[in-house]
Amino acid sequence: MKNIPPETSPFFPRDREWHPPAFTPGYKTSVLRSPQRALISLEGTKSEITGPVFGHNILGEFDNDLIVNYAKPGEMAIGERILVYGRVLDERGVGIPGALVEFWQANAGGRYRHKKETYLAPLDPNFGGCGRTITDENGGYFFKTIKPGPYPWPNGVNDWRPAHIHFSVFGHGFAQRLITQMYFEGDPMIWICPIVKTIPDENAIKGLIAALDMQNTIPHDMRAYKFDIILRGRRSTFFENRKEGN
Amino acid sequence: MVQPLTYFKESASQTAGPYVHIGCTPNFSGITGVYETDLGSGSMVNDKTRGERITIRGFVYDGAMTPLKDALIEIWQADADGFYNSPSETRGKADPNFLGWARQPGDMATGEFVFETIKPGRVPFRDGRLMAPHVTFWIVARGINLGLNTRMYFSDEEAANAEDPILSRIEHRVRVPTLIGKREGNTVTFNIYLQGENETIFFDI
């Protein structure tokens, strides 16, 4: 690691016009799960600007390879083989090293391995659907998986989720904690999805669509999708407001 | 022309969905053999951890007063002396036997969440005044579009709560109790209400 002091300044305020609001009736479950009163602003105290650190020792050899991490020895998950890669950056464009990135997804047929899942598409006996990694010194990460399938879900009578991968990301402060979803370039299902449409800004949606990157494909093996994740930035210098005399 | 301000925008949030357990607590969801244990599961304390052992338990209720059975809750707190186990903690070194972070799913049948932890010490506010002991909560679930942040304070800290810089500036005093975990013995009960008369105070942190 570089010999630089840790950053201790507060984060930029979250732009709540950019994120989906809590109450989005087109996504029915949000109706009873959305706080109705105004949030109370709480600018970064120690409790928000600090956060846990996870070491590489938590990672297993195949944590970032969903094609094999649940498969029987010598077997592999079925589906379009893809490499997902990118960087975790903050709003200043600074790479975030040591960030824990967790991901989960449906199988190639759009079926999740979960007790409460009821879609009729079959499970793949060699696909679990979870993985994780920790970013390198430049904020870079990658994992191997199969492209998840779209699937119908109980919201409207004919609502479908576009193919997507869920991401959970830790930055350096607990206030940076973020869960989001990655979509795939060119998928017409993106623009008719009620969950995607909770995001009010078209550019914010585009920021969740991974680009097909033929430069980084592994020839005769897998295609690549590039997905950068942006976490909140923090002030570069921290000038404390103090009353005179303090 | 002035120099351009070139900032990126934070990636927009999307709901954690109904299957957040697959990614964050796979063993709990029935996916075994990928990770040895679920990150953040189990007790937060070991024999050497300093501090008073407590158990935090509660439910997350929706607007129809039905407990969520698919929520995921993470907490972040200081050690017994008020230090965070984080590189951004510059005031001193935290207890090496206490990470201060944990993650628990609500029970699939009842929705109850349980954390085995210690009572945190006091941490200074930005102007140096001490905040009352508190635990930071982050709640995600299907139907929650952006993770919700709140804090749990302790009912047995009346004096500290009264001078807490955050609690004391809340205009609607009737809402303050939504942030206070009720302590009985070593159990602290903290229910979170997403809507309704007792809607929990959530923070824009």
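Residues numbered from 1 in each chain as written. Chains lettered and ligands numbered in written order. Predicted model: local features only at pLDDT ≥ 70, side-chain atom pairs only at ≥ 80, totals over all residues. Heavy atoms only, no water.

J.: Looking at this structure, I do not really get the overall build of chain B. What am I missing?
T.: Tallying secondary structure elements over chain B gives two helices and 11 strands in all. For chain B, the succession of helices and strands along the chain, N to C, is α-β-β-β-β-β-β-β-α-β-β-β-β. The C-alpha atoms of chain B give a radius of gyration of 18 Å, which matches the 17 Å a tight globule of 205 residues would have. For chain B, the C-alpha atoms occupy an extent of roughly 65 × 45 × 40 Å along the three principal directions. A total of 205 residues make up chain B; the buried ones form 58% of that total. (Helix = DSSP H or I, 4+ residues; strand = E, 2+ residues; numbered from the N terminus. Rg over C-alpha atoms; globule rule 2.2 N^0.38 Å. Buried < 20%, exposed > 50% of the residue type's maximum accessible area, 1.4 Å probe, protein only.)

J.: Mind showing me how you'd approach the interface of chain A and chain B here?
T.: For interface size, the figure often reported is the accessible area lost on association. Between chain A and chain B, the contact holds 89 residues from the first and 78 residues from the second. Regarding the contact of chain A and chain B, the summed buried area is about 7,700 Å², with carbon and sulfur atoms giving 57% of it. At the junction of chain A with chain B, the criterion picks out eight salt bridges. For Asp204 of chain B, the salt bridge is made with Arg16 of chain A, and the minimal N-O distance between the two is 2.8 Å. (Contact = heavy atoms within 4.5 Å. Buried area = accessible area lost by both parts, 1.4 Å probe. Salt bridge = Lys/Arg side-chain N within 4 Å of Asp/Glu carboxyl O.)

J.: How do you make sense of the environment of Glu137 of chain A when you look at a structure like this?
T.: Residues and elements named next belong to chain A. By the secondary structure assignment, Glu137 is in the loop between strand S4 (130-134) and strand S5 (140-146). According to the relative accessible area criterion, Glu137 is exposed, its value standing at 56%. Put simply, Glu137 and Ile209 are 72 residues apart on the chain and 24 Å apart in space, counted from C-alpha to C-alpha.

J.: What exactly am I supposed to notice about the side chain of His21 of chain B here?
T.: Tracing the sequence through the fold places His21 of chain B in helix H1 (residues 20-24). Excluding its chain neighbours within four sequence positions, the residues that come into contact with His21 of chain B are His114 of chain A together with Pro26, Phe28, Ser29, Asp70, Ala71 and Pro105 of chain B.

J.: How should the pairing of strand S2 (residues 81-90) of chain A be read in this particular structure?
T.: Two faces, one strand: in a regular strand the side chains alternate between the faces of the sheet. Residue and element names in this part refer to chain A. With eight of 10 residues buried, S2 lies mostly within the body of the structure. Relative to strand S11 (residues 223-226), S2 runs parallel, the two being bridged by four bridges. Bridge pairing in S11 links Ile82 to Arg223. Judged from the three bridges that link them, S2 and strand S12 (residues 229-231) form a sheet pairing that is parallel. Within the sheet, the bridge partner assigned to Asp90 lies in S12 and is Leu231. (Pairing = 2+ DSSP bridges.)

J.: It is not clear to me how the nonpolar core should be interpreted in this structure. Could you clarify?
T.: Note that soluble globular proteins tend to have their nonpolar side chains buried in a common cluster. In this structure, Val84, Val88, Phe167, Met182, Phe227 and Ile229 of chain A are the most contacted members of the largest nonpolar core, which totals 89 residues. Sequence-distant contacts of Phe227 of chain A, that is, excluding residues within four places in its chain, are made with Val84, Tyr85, Gly86, Arg87, Tyr141, Phe167, Gln181, Met182, Gly207, Leu208 and Ala210 of chain A. Met44, Ala102, Phe115 and Ala141 of chain B belong to the second largest nonpolar core, which has 26 residues in total. (Core = buried A, V, L, I, M, F, W, Y, C linked by side-chain atoms within 4.5 Å.)

J.: I'm lost on the confidence of the model for chain B in this one. Help?
T.: If pLDDT is low for a region, its predicted coordinates should not be looked at in detail. Mean pLDDT over chain B stands at 97; residues scoring 70 or higher make up 100%. Both scores are given for the predicted complex: the pTM is 0.96, the ipTM 0.97. (pLDDT = per-residue confidence, 0-100.)

J.: Please clarify how the environment of Ile166 of chain B should be interpreted in this entry.
T.: Inspection of the secondary structure puts Ile166 of chain B in the loop between helix H2 (158-162) and strand S8 (180-184). C-alpha of Ile166 of chain B to C-alpha of Thr117 of chain B: the two residues are 49 residues apart in sequence and 23 Å apart in space. In this structure Ile166 of chain B touches Leu42 of chain A together with Phe125, Met131, Arg151, Tyr153 and Phe203 of chain B, once residues within four positions along its chain are discounted.

J.: Looking at this model, I keep getting lost on the packing of aromatic side chains. Mind explaining?
T.: In this description, an aromatic ring pair is defined by two values, namely the gap between the centres and the angle between the planes. Applying the stated criterion to the full structure yields 22 aromatic pairs over all chains. With centroids separated by 4.9 Å and ring planes inclined at 90°, the aromatic side chains of Phe184 of chain A and Tyr225 of chain A adopt a geometry described as edge-to-face. Of this pair, Phe184 of chain A sits in strand S9 (residues 178-184) while Tyr225 of chain A sits in strand S11, and the two are 41 residues apart along the sequence. Given the relative accessible area of 0%, Phe184 of chain A is considered buried. Taken together, the ring pairs in this structure connect Phe103, Tyr141, Phe143, Phe167 and Phe227 of chain A into an aromatic cluster. Positioned above the aromatic ring of Phe170 of chain A is the side chain of Arg177 of chain A, whose terminal nitrogen or guanidinium carbon lies 3.7 Å from the ring centre. Above the plane of the ring of Phe154 of chain B lies Lys119 of chain B, whose end atom (NZ or CZ) is 5.2 Å from the centre. (Phe/Tyr/Trp six-rings, centres within 6.5 Å; stacked < 30°, edge-to-face > 60°. Lys NZ or Arg CZ within 6 Å of the ring centre and 35° of its normal.)

J.: Would you mind showing me how to read the side chain of Asp90 of chain A here?
T.: Within the secondary structure, Asp90 of chain A sits in strand S2. The class for Asp90 of chain A is buried, based on a relative accessible area of 4%. Among the polar contacts made by the side chain of Asp90 of chain A, one reaches the main-chain amide nitrogen of Arg92 of chain A at a distance of 2.8 Å. If we skip the residues at most four places from it in the chain, Asp90 of chain A touches Ile96, Ile230, Leu231, Arg232, Gly233 and Arg234 of chain A together with Phe8 of chain B. (Polar contact = N/O pair within 3.5 Å; in protein donor to acceptor, adjacent residues only side chain to side chain.)

J.: Just checking my understanding: could you explain the pattern of salt bridges for this structure?
T.: Where charged atoms from two side chains of opposite charge approach closely, those side chains can pair. Taken as a whole and judged by the stated rule, the model has 27 salt bridges over all chains. The partner of Glu202 of chain A in a salt bridge is Lys206 of chain A, and the shortest N-O contact between them spans 3.1 Å. Of this pair, Glu202 of chain A and Lys206 of chain A both sit in helix H2 (residues 202-206), four residues apart, which is roughly one turn of that helix. Here the salt bridges do not stand alone but share partners, grouping Glu52, Lys119, Asp156, Glu157 and Arg183 of chain B into one network.

J.: What am I meant to see in the pairing of S4 of chain A here?
T.: All names here are of chain A. Where burial is concerned, most of S4 is hidden: five out of the five residues are buried. The side-chain alternation of S4 yields two buried faces, one formed by Cys130, Arg132 and Ile134 and the other by Gly131 and Thr133. As paired elements, strand S3 (residues 100-104) and S4 share five bridges and run antiparallel to each other. Residue pairing for S4: Phe103 is matched across the bridge by Gly131.

J.: Can you walk me through a nonpolar patch on the surface in this structure?
T.: Nonpolar side chains collect at one region of the surface, where Phe23, Val31 and Leu32 of chain A lie side by side and expose about 240 Å² of accessible area between them. Residue position: Phe23 of chain A is located in the segment before strand S1 (40-41). (Patch = residues over 30% accessible without salt bridge, like charges linked within 9 Å, V, L, I, M, F, W, Y side chains within 5 Å. Areas by Shrake-Rupley, 256 points an atom, 1.4 Å probe, with all protein chains shown as cover.)

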